[in-house]
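# A look at the structure
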Number of protein chains: 2
Amino acid sequence: MGRELRLNAFAMNCVGHQAQGLWRHPRDRSAEYRSLNHWVELARLLERGKFDALFLADVLGLYDVYGGNTDTALREAVQVPVNDPLLIIPPMAQATEHLGFAVTCNLSHEPPLPFARRMSTLDHLTDGRIGWNVVTGYLDSGAKAAGRDKQVAHDVRYDIAQEFMDIQYGLWEGSWENGAVRRDRETGVFTDPAKVHRVRHEGEYFKIDSVHLCEPSPQRTPVIYQAGSSPKGTAFAARHAECVFIGGNEPGKMAEDVAKLRDLAVEFGRARSDILVFALATVVIAATDEEAEAKFAEYQSYVSEPGTLALMSGWAGVDLSKPEQAKTGAASSNAIQSVAASIARGAEPTGRRVGRPVGLGGGGPAIVGAPKRVADELEAWAEEADLDGFNIAYVVMPETFADIVEHLVPELQRRGLFKQTYRLGTYREKLFGDGPRLGERHPAARYRRPER
Amino acid sequence: MGRELRLNAFAMNCVGHQAQGLWRHPRDRSAEYRSLNHWVELARLLERGKFDALFLADVLGLYDVYGGNTDTALREAVQVPVNDPLLIIPPMAQATEHLGFAVTCNLSHEPPLPFARRMSTLDHLTDGRIGWNVVTGYLDSGAKAAGRDKQVAHDVRYDIAQEFMDIQYGLWEGSWENGAVRRDRETGVFTDPAKVHRVRHEGEYFKIDSVHLCEPSPQRTPVIYQAGSSPKGTAFAARHAECVFIGGNEPGKMAEDVAKLRDLAVEFGRARSDILVFALATVVIAATDEEAEAKFAEYQSYVSEPGTLALMSGWAGVDLSKPEQAKTGAASSNAIQSVAASIARGAEPTGRRVGRPVGLGGGGPAIVGAPKRVADELEAWAEEADLDGFNIAYVVMPETFADIVEHLVPELQRRGLFKQTYRLGTYREKLFGDGPRLGERHPAARYRRPER
């Protein structure tokens, strides 16, 4: 196998995730997000298709920039209502054996010790299939909800994040030595107290003095995802991330960003291949190009323009309901510019390669066609931008993923781009093949105690 | 049916819950707490026996009072390691239809908005089978872990709790009106924004300005449990609790406490029957009294004295490894006194009624015998102390519960004291029969908006 492509399904514990308005589609089932069966069936489908992971987005605030209020977000179900993402993972893990789960948690809403325990608990319950997408928050409404007047400044957020990570690594990697847990019924020793250590931290933003509450889980530290693209965000990713999730639809530009990220990782003492890069993509696929185009057009007829603009306004922090602001805001983000343009044009396909920007897949492109065309696009894109895989947004839940399992996965397998079977072991082993724990080059490794 | 008795199974996402040392018993499986199957099988067993709920304890700190360090707690697995209790509930809900889940969450570790969302998410995923045991924390080590130097004063904790409850009620009961969610594919309206309201609160301890992130769940507010027995704790329970969990082994004294609690509830405008009272009990039951006694003696041989004392020391805040402190400490708590005495005597049965205090069941009594003897005891005890049910601690997991399903439940059913089938509906409907939402007499009701 040459370049292996990994596929994640991109979803959220809500109704309208990336494709706003599509919950009205007669076959869409995203409004069933409150049901356990909904998620269990999705997980089974994804594992049948050998998806690497389900990537769960999250946000703890409302999209209130568009029009200056939350009316559109509420009316169109733009990522609200939104339920907790962690709680749907254990039943999905119970129903599957290999599927990974990468879950977004905003550290500004999480006291360090209970958070470390939640992640360790998930890693235990899933037998090591957990990843954490580290987020510092981008919505002022989320900050208000947490009791602050507004979001703390972007750069400060990453300082807080650095301190938060230090504590997490201390708890996950350093508090319980390997071999601390004996489980010895004969001697009556469950844990050897000499091998358990307090994490003492008194920093600018956090203070803690405790041992970790959990015994070491299969991976200890969950697989670390990151999605920031600012200079501070990229530096954070180059230092901490094992997987990076990027948006955009210009392969050339993405290639530059990916190269910069991998260069920076090397500067931090890591290897270029220590980070896997996933790009956001929407795929509409069918047996023939014509069928796929027809399906795409039918989907497009359900797109909600205000819903899409409300989402984009929240991302950009600019009210796209106001023409003047929209201009400024659009200029600040290519993805938003092109989506706004696409909506304005009425969903007419724009110049190809790598796909068309649409109101369907959030900030990423849509790739539409028969298996050959879609696989060609993904393969060329991954080659040009040096990608390791894709986070696939859905248009119609779960139809988009079912179509990929039926049409795309076999084509990628035929080309030797996609695994025939899952690797054994934890999520980290499936991704990197080197054992369940973080490698020695990762900054978390220095929190470990020497074996004795 | 006369007085209906409810049964909860009392457990914790850890190894050594109440019966310290019993994880060494050859048939005990509590050390498998990290496995999803462990919990799913327990839930199925409990539902087969028509248990009302699984009551999950939790603590976010270590028992470090005994001997002035955490060595004993770690060595004996005294409630450490301890995993997150919320995450095991969805898979158990997936495997059952009627079993309720009452889960302990310490509000001093929970930012209000994410916490409200976690509870609502659980209520959605379980179809309204969630209860919340409101805890304010009793371990200094937990406070330290949360970044405070020590536990805030007891009375202040209940002021914080009151403010926390105000916010939760606002989010659960007041933020989304009935009928706010339309789910109307035709008009494209998912939620009517006019029927969703911000919760604005700027108090002494919390500040929030947000709508609730979740649409209304079946019960909205989870069934509220409380377990405090101080004057402030009792007042809090009388005001807020729907179920109260008490310890102790003197029916006469408990009768006084229960009467006081119900009187106080009436003072707060509620009815005496608005609160169901559950007592902690350990039951060792077999086909004959002799078999049960033999089983009890065999269990006793596994009790860890230091483990038990470490647990008790944490509860009492007194180091029972020091004779002088032990005396003072024991005097402050009857339960601890009698358990300490029982251990000192080598588990010899003490004067009966209502059972014998032992190192097996935490602060409650153990009731040992054939179905007739156990049912007689429970029935008389419930009558004398005006109890509505029992939280049954386990000695050997899950054997204790399997024995109850086999021996006790049929006997209670024969006597008309226990349901033959589950009532339909949410956990609250199963307990009170009046609909899924809190009654009008409860303080949460005034957060509701008038129907229109």
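These figures come from a predicted structure and were not determined experimentally.

Criteria and cut-off values
- Residues numbered from 1 in each chain as written.
- Chains lettered and ligands numbered in written order.
- Predicted model: local features only at pLDDT ≥ 70, side-chain atom pairs only at ≥ 80, totals over all residues.
- Heavy atoms only, no water.
- Helix = DSSP H or I, 4+ residues; strand = E, 2+ residues; numbered from the N terminus.
- Buried < 20%, exposed > 50% of the residue type's maximum accessible area, 1.4 Å probe, protein only.
- Contact = heavy atoms within 4.5 Å.
- Areas by Shrake-Rupley, 256 points an atom, 1.4 Å probe, with all protein chains shown as cover.
- Expected span 1.5 Å × (residues − 1).
- Arc of directions from axis to C-beta.
- Buried area = accessible area lost by both parts, 1.4 Å probe.
- Salt bridge = Lys/Arg side-chain N within 4 Å of Asp/Glu carboxyl O.
- Polar contact = N/O pair within 3.5 Å; in protein donor to acceptor, adjacent residues only side chain to side chain.
- Nonpolar A, V, L, I, M, F, W, Y, C, P; charged D, E, K, R; others polar.
- Phe/Tyr/Trp six-rings, centres within 6.5 Å; stacked < 30°, edge-to-face > 60°.
- Core = buried A, V, L, I, M, F, W, Y, C linked by side-chain atoms within 4.5 Å.
- pLDDT = per-residue confidence, 0-100.
- Least-squares fit on C-alpha atoms with pLDDT ≥ 70 in both.
- Pairing = 2+ DSSP bridges.
- Axes fitted to C-alpha atoms, helices over the stretch in contact; angles between N-to-C directions.
- Parallel < 35°, antiparallel > 145°, perpendicular 65-115°, else oblique.
- Left-handed = near helix turned anticlockwise from the far one by under 90°.

## Examining the overall build of chain A
- On a plain count of helices and strands, chain A comes out with 15 helices and 14 strands.
- Residues classed as buried in chain A amount to 65% of the 452 residues present.
- Counting contacts in chain A only where the partners sit at least 6 residues apart, residues at least 24 apart contribute 75% of the total.
- Within the structure as shown, chain A displays about 15,300 Å² of accessible surface, and the carbon and sulfur contribution to it stands at 49%.

## Looking at helix H8 (residues 251–267) of chain B
Residues and elements named next belong to chain B.
- The first and last C-alpha atoms of H8 sit 24 Å apart over 17 residues, in line with the 24 Å expected at 1.5 Å per residue.
- What H8 keeps buried is the set Pro251, Met254, Val258, Leu261, Arg262 and Ala265. Viewed end-on, H8 has its buried residues packed into an arc of 90 degrees, placing them on one side of the element. Of the residues in H8, the exposed ones pointing more than 90 degrees away from the buried face are Glu256, Lys260 and Glu267.
- Within two residues after H8, Gly269 carries a phi angle of roughly 85 degrees, on the positive side.

## Here's the deal with the interface of chain A and chain B
- Taken together, the contacts link 73 residues of chain A with 72 residues of chain B.
- Roughly 6,500 Å² of surface becomes buried between chain A and chain B when both sides are summed, with 59% attributable to carbon and sulfur atoms.
- Here chain A and chain B share 8 salt bridges between them.
- Put simply, Arg118(B) and Asp84(A) hold a salt bridge, and the shortest N to O gap is 3.6 Å.
- At the junction of chain A with chain B, the criterion picks out 28 residue pairs in polar contact (both at pLDDT 80 or more).
- Of all the secondary structure elements, the ones that give two or more residues to the side of chain A that touches chain B are helix H1 (36–48), helix H2 (71–76), helix H3 (89–94), helix H4 (112–125), helix H5 (140–145), strand S5 (181–184), strand S6 (189–191) and strand S8 (207–210) of chain A.
- Of the residues assigned to the side of chain A that touches chain B, the class counts are 38 nonpolar, 15 polar and 20 charged.

## Some thoughts on the packing of aromatic side chains
All names here are of chain B.
- In this structure the tally under the stated criterion is 34 aromatic pairs over all chains.
- Residues Phe115 and Phe164 carry aromatic rings whose centres are separated by 5.7 Å and whose planes lie at 50 degrees to one another, so their mutual orientation is tilted. Within this pair, whereas Phe115 is found in helix H4 (residues 112–125), its partner Phe164 is found in helix H6 (residues 154–174), the two being separated by 49 residues in sequence.
- The class for Phe164 is buried, based on a relative accessible area of 0%.

## Quick look at the nonpolar core
- Among the nonpolar cores identified, the biggest contains 246 residues, and Trp132(A), Phe390(A), Trp132(B) and Phe390(B) are the most heavily contacted of them.
- Those residues within four positions of Phe390(B) in sequence are excluded, and the remaining contacts are Leu5(B), Arg6(B), Leu7(B), Asn8(B), Phe278(B), Ala279(B), Ala281(B), Leu378(B), Trp381(B) and Ala382(B).

## Comments concerning the confidence of the model for chain A
- Per-residue confidence for chain A gives a mean pLDDT of 90; residues scoring 70 or more make up 88%.
- Per-residue pLDDT stays below 50 along residues 344–353 of chain A; that stretch engages in 13 contacts with residues further than four places along the chain or on separate chains.

## Some points on the relation of the copies chain A and chain B
- Aligned on chain B, chain A shows an RMSD of 0.0 Å; the corresponding rotation is 180 degrees and the shift along the axis is 0.0 Å. The transformation just described matches what one would write down for a two-fold rotation axis. For chain A, the smallest separation between a C-alpha atom and the rotation axis is recorded for Pro91(A), amounting to 2.2 Å.
- Of all interface residues in chain A, 99% are interface residues in chain B too; the two copies therefore contact each other through one and the same surface.

## A short note on the pairing of S8(A)
Residues and elements named next belong to chain A.
- Two elements, strand S7 (residues 199–202) and S8, share 4 bridges in a ladder whose sense is antiparallel. Looking at S8, one finds that Glu202 is bridged to Lys207.
- Adjacent in sequence and paired antiparallel, S7 and S8 are bridged by 4 residues.

## Some remarks on the pattern of salt bridges
Residues and elements named next belong to chain B.
- Per the stated rule, a full pass over the model turns up 72 salt bridges over all chains.
- A salt bridge links Lys419 to Asp52; the shortest N-O distance between them is 2.8 Å. Taken as a pair, Lys419 in the loop between helix H14 (399–414) and helix H15 (427–432) and Asp52 in the loop between helix H1 (36–48) and strand S2 (53–57) lie far apart in primary sequence, 367 residues in all. As far as burial versus exposure is concerned, Lys419 and Asp52 are alike and both buried.
- The salt bridge involving Glu293 is made with Arg373; its shortest N-O contact spans 2.9 Å. You can see Glu293 sitting in helix H9 (residues 289–300) and its partner Arg373 sitting in helix H13 (residues 371–385), a full 80 residues away along the chain.
- The exposure class of Glu293 is partly exposed, given its relative accessible area of 27%.

## Side note on helix H9 (residues 289–300) of chain A
Residue and element names in this part refer to chain A.
- Spanning 12 residues, H9 covers 16 Å between terminal C-alpha atoms, matching the ideal 16 Å at 1.5 Å per step.
- All of the buried residues in H9 are Ala292, Lys295, Phe296, Tyr299 and Gln300. In an axial view of H9, the angular spread of the buried residues amounts to 140 degrees, which keeps them on one side of the axis.

## Some details on the environment of Thr121(A)
- Its location among the elements puts Thr121(A) in helix H4.
- When the C-alpha positions of Thr121(A) and Glu215(A) are compared, they lie 9.3 Å apart, and in sequence the two are 94 residues distant.
- Filtering out sequence-adjacent residues up to four positions away, Thr121(A) remains in contact with Cys214(A), Asn13(B), Asn83(B), Asp84(B) and Leu87(B).

## Some remarks on the packing of helix H7 (residues 231–240) of chain A against helix H8 (residues 251–267) of chain A
All names here are of chain A.
- At a minimum axis separation of 8 Å, H7 and H8 run at an interaxial angle of 55 degrees. Considering the angle they form, H7 stands oblique to H8. Read as a crossing pair, H7 and H8 show a hand that is right-handed. On H8, the residues touching Thr234, Ala235, Ala237 and Ala238 of H7 are Leu261, Leu264 and Ala265.
- Split by residue class, the contact of H7 with H8 holds 6 nonpolar, 1 polar and no charged.

## Quick notes on the packing of H1(B) against H14(B)
All names here are of chain B.
- It is the contact of H1 with H14, at a shortest axis distance of 9 Å, that shows an interaxial angle of 20 degrees. Considering their axes alone, H1 and H14 lie roughly parallel with respect to each other. Here H1 runs over H14; the crossing is left-handed. Taken together, the residues of H14 that come into contact with H1 (itself represented by Leu42, Leu45, Leu46 and Arg48) are Phe401, Ala402 and Val405.
- Tallied by class, the residues present in the contact of H1 with H14 amount to 6 nonpolar, no polar and 1 charged.

## So, the side chain of Arg428(A)
All names here are of chain A.
- Note that Arg428 resides in helix H15 (residues 427–432).
- Reaching out from Arg428, the side chain makes a polar contact with the backbone oxygen of Pro222 at a distance of 3.2 Å.
- The residues touching Arg428, leaving out its near neighbours within four places in the chain, are Gln219, Thr221, Pro222, Val223, Glu242, Gly433, Gly435, Pro436, Arg437 and Leu438.

## As for the environment of Lys260(A)
- Within the fold, Lys260(A) resides in helix H8.
- Relative accessible area serves as the criterion here: at 53%, Lys260(A) is assigned to the exposed category.

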